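Listed here are the chains, written in short residue letters.
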Amino acid sequence: MDNGTENYRRFRENGDPDGLAEIIRDYMNGLILYLNSIVGNIHTAEDIAEDTFVLLGTKKPRDKGKSSFRTWLYTIGRHLAIDYLRKNTKASETSTEEIAEISEDTENLEISYIREERKIAVHRAMDKLRPNYRQVLWLIYIEGFTNKEAAAVMGKTVHNIESMVSRARKALRSQLEKEGFEYEEL
């Protein structure tokens, strides 16, 4: 059972609002980008994504479990987008300034989504590293500690930390490559 399914079950059956909040956090940006590919307007896509989550929260449809939660959620969003297009079939006039703004918003959302996906992949790969490697990478790259500060926290010498960081980065890169992900910033 994936996280979406579990979170939705918590919300639907137990009334846990955190379940729905986690679904929104995990799927909002990807759903908006997908809906944008259907309706061609990032602001409309945001509205339809919001409508999708409102529908989940109010009508609480039952997921029949025939596919992944994400597939089911995107299908609901797609149906809402198609309904929107049917109702708004007449051509609308959009100024060049609005088109530029929409294009910029779309690009910013895509960049944000890609960054978030990269962060998730890196965190998952870090979880699979040896504890010392995970700790040193966390201190240096996530918390922004200097090598000297990390050495003090971990009870090591600065030279030990420098070596450990190098080995941890190689291990992380290797883990990411095993998972089919290239992280060019490592």
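Residues numbered from 1 in each chain as written. Predicted model: local features only at pLDDT ≥ 70, side-chain atom pairs only at ≥ 80, totals over all residues. Heavy atoms only, no water.

Where nonpolar side chains cluster on the molecular surface, the patch consists of Trp-138, Tyr-141 and Ile-142 and spans about 300 Å² of accessible area. Along the chain, Ile-142 turns up in helix H6 (residues 131–142). Here Ile-142 falls in the partly exposed class, since its relative accessible area comes to 40%. (Patch = residues over 30% accessible without salt bridge, like charges linked within 9 Å, V, L, I, M, F, W, Y side chains within 5 Å. Areas by Shrake-Rupley, 256 points an atom, 1.4 Å probe, with all protein chains shown as cover. Salt bridge = Lys/Arg side-chain N within 4 Å of Asp/Glu carboxyl O. Helix = DSSP H or I, 4+ residues; strand = E, 2+ residues; numbered from the N terminus. Buried < 20%, exposed > 50% of the residue type's maximum accessible area, 1.4 Å probe, protein only.)

Another point: the pattern of salt bridges. Under the defined criterion, the tally for this structure stands at 2 salt bridges. Taking the shortest distance from any N to any O, the salt bridge between Arg-25 and Asp-26 comes out at 2.9 Å. In this structure, Asp-83 engages Arg-86 in a salt bridge whose closest nitrogen and oxygen atoms are separated by 3.2 Å. Of this pair, Asp-83 and Arg-86 are both found in helix H4 (residues 69–87), 3 residues apart, which corresponds to roughly one turn of the helix. For Asp-83, a relative accessible area of 33% translates into the label partly exposed. Accessibility expressed as a relative area gives 59% for Arg-86, which makes it exposed.

Moving on to H4. If you check H4, its first and last C-alpha atoms are 27 Å apart, about what 19 residues at 1.5 Å a residue would give, namely 27 Å. Among all positions of H4, only Phe-69, Trp-72, Leu-73, Tyr-74, Ile-76, Gly-77 and Ala-81 are buried. (Expected span 1.5 Å × (residues − 1).)

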